[in-house]
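Okay, here's what each chain looks like letter by letter:
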Amino acid sequence: MTIHITLACTHHDPEGRLRDQSERVAPVLQRIFAGIVVRATDVTPDHALAPLVQAGATIHRAPSCGHLRLGRARREALRLGIEAGAHHVLFCDLDRALHWAEYHPAELASVARLVPAFDFLILGRTQRAFDSHPRAQCDTEAIVNRVFAQVSGQGWDVTAAARGVSRRAAAALLDGCLDETIGTDVSWTLFLQRIGLYAIGAIETEGLEYETADRFPEEVAAAGGIDAWKARIDADPRQWALRLEIARIEVEAAVAHAFPNGA
């Protein structure tokens, strides 16, 4: 059964590592969603996008914003989804959507059916799915979620960056929430919550488990498995520095909404 919402994604794959997964999984996404739009970086090669095009996806090219300015790419993907005529959009990074469709397709279809019941649906993770990430990611994202809970009064997992968004909520975000940083993880929700006119909800999912390893099957095997590979990530202080910087930006976005007048 086709769900009449559009999947709107950001995508950055300069080495084309997700091409094979896209070829396997794009037909699953095509069956679930009425439309697919992808805001792909201009360094993602055409051959990596070909399976998506074959599945009917519309590809829009734009320069990479980098990790910390992902809000710009997210805004563009959301706008593209609405411009495609969707009444509701499921926004998700494409690597997460591919992993979800490959390993938990029934759950993804169920979530898609739930999206139209809300103006803004936060797609978070079960505790197991959250804990599947490297510690550098879990520990710093837990800080963001804690601060978000203090500001919003809601103990939601907001850092998986996946959302269901209605056309009217998307219009409000595009017009009024101008955050172009990765802080959109918190600022989009807090902006709509403060207005108070939108049906906001949250659910926990298994499919938003750790997806990055899908890009590196040979490296994971060489390391001795996924746990050993994640341990190498956590042993790299640069990974902690990056995740701490992301957390700082997101916490600052929460502070800006908690004290809009700088009080």
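As a reminder, the structure under discussion sits directly above these lines.
Residues numbered from 1 in each chain as written. Predicted model: local features only at pLDDT ≥ 70, side-chain atom pairs only at ≥ 80, totals over all residues. Heavy atoms only, no water.

## Details of the environment of Ala149
Along the chain, the position of Ala149 falls in helix α7 (residues 135-152). When the C-alpha atoms of Ala149 and Arg74 are compared, they prove to be 23 Å apart, with 75 residues separating the residues in sequence. Ala149 has contacts with Gln154 and Gly155, leaving out every residue within four places of it along the chain. (Helix = DSSP H or I, 4+ residues; strand = E, 2+ residues; numbered from the N terminus. Contact = heavy atoms within 4.5 Å.)

## Quick word on the side chain of Thr6
Relative to the assigned elements, Thr6 resides in strand β1 (residues 3-11). The contact partners of Thr6, leaving out residues within four places of it in the chain, are Phe33, Gly35, Ile36, Val37, Gly81, Ala86, His88, Val89 and Leu90.

## Concerning the side chain of Arg125
The residue Arg125 is located in strand β5 (residues 120-125) in this model. The class for Arg125 is buried, based on a relative accessible area of 3%. A polar contact is formed between the side chain of Arg125 and the side chain of Asp157, at a distance of 2.7 Å. A distance of 2.8 Å separates the side chain of Arg125 from the side chain of Thr159, its partner in a polar contact. (Buried < 20%, exposed > 50% of the residue type's maximum accessible area, 1.4 Å probe, protein only. Polar contact = N/O pair within 3.5 Å; in protein donor to acceptor, adjacent residues only side chain to side chain.)

## Some words on the pairing of strand β3 (residues 58-62)
In this structure, strand β2 (residues 33-41) lies alongside β3, joined through five bridges in parallel fashion. Bridge pairing links Arg39 to His60 in β3. (Pairing = 2+ DSSP bridges.)

## Quick look at helix α3 (residues 70-83)
Taking 1.5 Å of rise per residue, the 14 residues of α3 would be expected to cover 20 Å, and the 20 Å separating its terminal C-alpha atoms lies within 8% of that figure. Gly71, Ala73, Arg74, Arg75, Ala77, Leu78, Leu80, Gly81 and Ile82 are the residues of α3 that are buried. Once α3 ends, the next one or two residues include Gly85, with phi positive near 100°. (Expected span 1.5 Å × (residues − 1).)

## Let's talk about the nonpolar core
Counting 34 residues, the largest nonpolar core has Leu7, Leu29, Phe33, Leu90, Leu108 and Leu123 as its most contacted members. Of all the secondary structure elements, the ones that give two or more residues to this core are β1, α1 (19-32), β2, α2 (46-54), α4 (94-103), α5 (105-114) and β5. Not counting residues up to four positions away in its chain, the partners in contact with Leu123 are Leu90, Trp100, Val111, Ala160, Ala162, Arg163, Gly164, Ile203 and Leu208. Val144, Phe148, Ala172 and Cys177 belong to the second largest nonpolar core, which has 31 residues in total. (Core = buried A, V, L, I, M, F, W, Y, C linked by side-chain atoms within 4.5 Å.)

## Some remarks on helix α8 (residues 167-176)
Buried residues of α8: Ala169, Ala170, Ala172 and Leu173, and no others. When α8 is viewed along its axis, its buried side chains cluster within an angular range of 160° and face the same direction. Where α8 is buried, its residues touch α3, β5, β6 (162-166) and α9 (184-195). (Arc of directions from axis to C-beta.)

## Brief notes about the packing of aromatic side chains
Counted by the stated rule, this structure contains four aromatic pairs. Where Tyr210 meets Trp229, the ring centres are 6.4 Å apart and the plane angle is 40°; that geometry is what we call tilted. Placement of Tyr210 in the loop between β7 (200-205) and α10 (217-223) and of Trp229 in helix α11 (residues 226-234) is noted, with a sequence separation of 19 residues between them. Taken individually, Tyr210 and Trp229 each receive the classification buried, so the pair is uniform in this respect. On the basis of an interplanar angle of 35° and a centroid distance of 5.6 Å, the ring pair of Phe216 and Trp229 is categorised as tilted. (Phe/Tyr/Trp six-rings, centres within 6.5 Å; stacked < 30°, edge-to-face > 60°.)

## What to know about the environment of Ala40
Tracing the backbone through its elements, the reader meets Ala40 in strand β2. Look at Ala40 and you get buried, because its relative accessible area is 0%. As for Ala40 and Ala86, which are separated by 46 residues in sequence, their C-alpha atoms are 19 Å apart. Apart from residues no more than four positions distant in its own chain, Ala40 is found in contact with His11, Leu49, Ile59, His60, Arg61 and Ala62.

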